[in-house]
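What follows is each chain in one-letter form.
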Amino acid sequence: SSGINAEYGETGGFANLEFLDQLGSNKLLSNRLLFLGKYREFHNLVKAGELRGAADLLVSLVESKMGPPRFQITLLLDSLPLINGGPTGEIVMSSRQTYVLMKALEDMQIKKLLKEGDSQKVETIRLALVTNLASSLLEEPW
């Protein structure tokens, strides 16, 4: 399963999606397989247009720290369409969810899990998070 994580990190896709779909309850036997199954589910939710459900699942994956530490940057990059409001521009992520992602990004920097070439990615994620935080705070009831 670490090879599958590495493959996604390098190519942005999985070569054998059927493998993940066929695992069924066997995913529960390994945290890595469970992570991959949930990650696949996240992508299916995005594809189906269920952005709030996808946001909930993505934030739970980030919070659980079930995936490899270096994979957190991939999760944060995958959150960008949700942070930016999807195709309709609606606010999909709450301020609480945004704070969770901000903390994950900060933790990655503190633990030095980022590569030198990640600085542009980090700034893109940070700007999107700050913008979403401001928008979500304005929309949420006090």
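The structure under discussion appears in the preceding block.
Residues numbered from 1 in each chain as written. Predicted model: local features only at pLDDT ≥ 70, side-chain atom pairs only at ≥ 80, totals over all residues. Heavy atoms only, no water.

Engineer: When you look at the overall build of the chain in this model, what are you seeing that I'm missing?
Structural biologist: Each helix and strand counted, the chain has seven helices and zero strands in total. Secondary structure elements of the chain, listed N to C terminal, follow the sequence α-α-α-α-α-α-α. Within the chain, the fraction of its 142 residues that count as buried is 39%. Restricting to contacts in the chain with at least 6 residues of sequence separation, those with at least 24 account for 67%. With the model as given, the accessible surface of the chain reaches about 8100 Å², and the carbon-plus-sulfur share is 56%. (Helix = DSSP H or I, 4+ residues; strand = E, 2+ residues; numbered from the N terminus. Buried < 20%, exposed > 50% of the residue type's maximum accessible area, 1.4 Å probe, protein only. Contact = heavy atoms within 4.5 Å. Areas by Shrake-Rupley, 256 points an atom, 1.4 Å probe, with all protein chains shown as cover.)

Engineer: How do you make sense of the environment of Gln109 when you look at a structure like this?
Structural biologist: One can find Gln109 in helix H6 (residues 95–110). Gln109 gets classed as partly exposed once you look at its relative accessible area, which sits at 30%. Sequence separation between Gln109 and Val122 is 13 residues; the distance between their C-alpha atoms is 9.2 Å. Here the side chain of Gln109 touches Arg126 through a polar contact of 2.6 Å, side chain to side chain. (Polar contact = N/O pair within 3.5 Å; in protein donor to acceptor, adjacent residues only side chain to side chain.)

Engineer: Quick question: what am I supposed to make of the pattern of salt bridges here?
Structural biologist: Side chains that carry opposite charge are capable of pairing whenever their charged atoms lie near each other. Overall, the coordinates contain seven salt bridges when judged by the stated rule. Between Asp118 and Arg70 there is a salt bridge whose closest N-O contact spans 3.1 Å. Taken together, the residues Asp118 in the loop between H6 and helix H7 (119–139) and Arg70 in the loop between helix H4 (51–64) and helix H5 (72–83) connect sequence positions 48 residues apart. Given a relative accessible area of 3%, Asp118 falls into the buried group. A cluster of three or more residues bridged by salt bridges with shared partners is formed by Arg70, Asp118 and Lys121. (Salt bridge = Lys/Arg side-chain N within 4 Å of Asp/Glu carboxyl O.)

Engineer: I'm lost on the packing of aromatic side chains in this one. Help?
Structural biologist: To describe a pair of aromatic rings, one takes the distance between the centres and the angle between the planes. Evaluated as defined, the whole model comprises four aromatic pairs. Taken together, a centroid distance of 5.9 Å and an interplanar angle of 10 degrees make the contact between Phe35 and Tyr39 stacked. You can see Phe35 and its partner Tyr39 sitting in helix H3 (residues 31–47), four residues apart, about one turn around the helix. Side by side, Phe35 and Tyr39 carry an identical accessibility label, which is buried. (Phe/Tyr/Trp six-rings, centres within 6.5 Å; stacked < 30°, edge-to-face > 60°.)

Engineer: Help me understand the environment of Leu75, please; the structure alone is not making it clear to me.
Structural biologist: Secondary-structure assignment places Leu75 in helix H5. Take Leu75: its relative accessible area is 1%, and that puts it in the buried class. On a C-alpha basis, the gap between Leu75 and Val62 in space is 7.1 Å, while along the polypeptide they are 13 residues apart. Setting aside residues up to four positions removed in sequence, Leu75 forms contacts with Phe35, Tyr39, Leu58, Leu61 and Val62.

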